[in-house]
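Structural overview
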Amino acid sequence: MDNIIKIVLADDEELFRKGIYFLLQREKNIEVVFEASNGAEIIDYLKTCETQPDIILMDLKMPGINGVEATKIIHKEFSDVKIIALTSYNTKSFIANMINVGAVSYLVKNASPSEMVETINEVSKKGFYYNDTVLEVIQDDILSGNKSNKSAFDDEFLTNREREVLTLICQQLSTNEIAEKLFISSRTVEGHRTNLMLKTESKNIAGLVVYAIQNKLLLTDEL
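My aim in this report is to walk through the structure given alongside it, one point at a time. Keep in mind that what you see is a predicted model, and the values were worked out from it rather than measured.

Quick look at the overall build of the protein chain
When you go through the protein chain residue by residue, the secondary structure sums to 10 helices and five strands. If you take every contact in the protein chain between residues at least 6 apart in sequence, the share linking residues at least 24 apart comes to 65%.

Things to note about the sheet that holds strand β1 (residues 5-10)
Strand pairing in a sheet is mediated by backbone hydrogen bonds. Such pairs are either parallel or antiparallel. The strand order across the open sheet formed by five strands is β2-β1-β3-β4-β5, and the pairing between neighbours is parallel. The sheet is open, and its two borders are formed by β2 (30-36) and β5 (105-108), each paired with just one other strand. Averaged over all neighbouring strand pairs, the angle between strand axes comes to 25°, with direction disregarded. With six bridges joining them, β1 and β2 adopt parallel strand pairing. In the sheet register, Ile7 faces β2, and the bridge partner there is Val32. Strand contacts of helix α3 (residues 67-77): β3 (55-58) and β4 (82-87), with the helix running at about 160° to β3, the strand carrying the most contacts.

Considering the pattern of salt bridges
Applying the stated rule across the entire model yields eight salt bridges. When the shortest N-O distance is used, the salt bridge between Lys125 and Glu122 registers 3.4 Å. Of this pair, Lys125 and Glu122 both sit in helix α5 (residues 113-126), three residues apart, which is roughly one turn of that helix. Residues joined by salt bridges that share partners form a network here, namely Asp11, Asp59 and Lys109.

A closer look at the packing of helix α8 (residues 175-182) against helix α9 (residues 186-200)
Think of two packed helices as two axes; the pair is described by the angle between the axes and how far apart they sit. Close contact between α8 and α9 brings their axes to 8 Å; oriented N to C, the two are set at 105°. By the angle between their axes, α8 is roughly perpendicular relative to α9. Along the contact surface, α8 presents Thr175, Asn176, Ile178 and Ala179, while α9 presents Ser186, Val189, Glu190 and Arg193. Within the contact of α8 with α9, the residues separate by chemical class into three nonpolar, three polar and two charged.

Side note on empty space enclosed by the protein
This model, assessed by the stated rule, comprises one cavity of 30 Å³ or more. Of the volumes computed, that of the largest cavity is approximately 50 Å³. Around the largest cavity, the lining residues are Leu9, Ala10, Asp11, Phe16, Arg17, Ile20, Leu57, Met58, Asp59 and Leu86. No other element matches the three residues that helix α1 (residues 14-25) contributes to the lining of the largest cavity. Classifying every residue of the lining of the largest cavity by side-chain character gives seven nonpolar, no polar and three charged.

A closer look at the packing of helix α7 (residues 160-170) against α8
Two elements in contact, α7 and α8, have axes separated by 10 Å at closest approach and are oriented at 130°. Put simply, α7 runs oblique to α8. Of the two elements, α7 crosses α8, and the hand of that crossing is right-handed. Where α7 abuts α8, its residues Arg161, Glu164, Val165, Leu168 and Ile169 lie against Ile178, Lys181 and Leu182. Residues that form the contact of α7 with α8 fall into these classes: five nonpolar, no polar and three charged.

Here is what the cut-offs are and how they apply
- Residues numbered from 1 in each chain as written.
- Predicted model: local features only at pLDDT ≥ 70, side-chain atom pairs only at ≥ 80, totals over all residues.
- Heavy atoms only, no water.
- Helix = DSSP H or I, 4+ residues; strand = E, 2+ residues; numbered from the N terminus.
- Contact = heavy atoms within 4.5 Å.
- Pairing = 2+ DSSP bridges.
- Axes fitted to C-alpha atoms, helices over the stretch in contact; angles between N-to-C directions.
- Salt bridge = Lys/Arg side-chain N within 4 Å of Asp/Glu carboxyl O.
- Parallel < 35°, antiparallel > 145°, perpendicular 65-115°, else oblique.
- Nonpolar A, V, L, I, M, F, W, Y, C, P; charged D, E, K, R; others polar.
- 1 Å grid on protein atoms, 1.4 Å probe; cavity = no way out; pocket = protein on both sides within 12 Å on 5 of 7 lines; lining within 4 Å.
- Points joined across faces, edges and corners; volume = space filled by probe spheres on them.
- Left-handed = near helix turned anticlockwise from the far one by under 90°.

Geometric descriptors of this kind do not, in isolation, establish any biological role.
What follows is the structure, encoded as structure tokens:
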């Protein structure tokens, strides 16, 4: 068949990746041509393969070069390859960020097998595919004029000052204590805290602390 869709699977969880592999291999018009456990392996493959794949199913959280950074590189250097984000992260910031850096679709890992196959086929036909959730995020992005969404997997997700404030919050310092420690005003500290909660989509300080620990966002050096 001339219209075989060539797929690369990128996910560091081998059991999950193999499950997707066997699922897709049952489709007559889909062929998995390569599997990767991190972004570096995908990029190396794209530089050396004889025929470029059509689509990459890209996990976000991978060691080394993660899915966001890999998407940026591939979108710039191999622009014909379409990237579908396949991840367990379903927050607006992650969706908006992946679309902004070059993903053409966004699929959550608890999607049904039929949804995944439909997404792959739609991307193959049209070059993109957005479900209602993704469309809503894109529309909000356009209406707000916000083109700078970033996620925790971006190197520039938080500013150095925000990370300093976050680290001190996790050390249970008060607003005034943080202000004294960093030689800034209490109002400035409150502003940074508000930005941190908005970026991480945390509802309170406890959620912010949990998010920081889970995503290893704390500074290791003593402030």
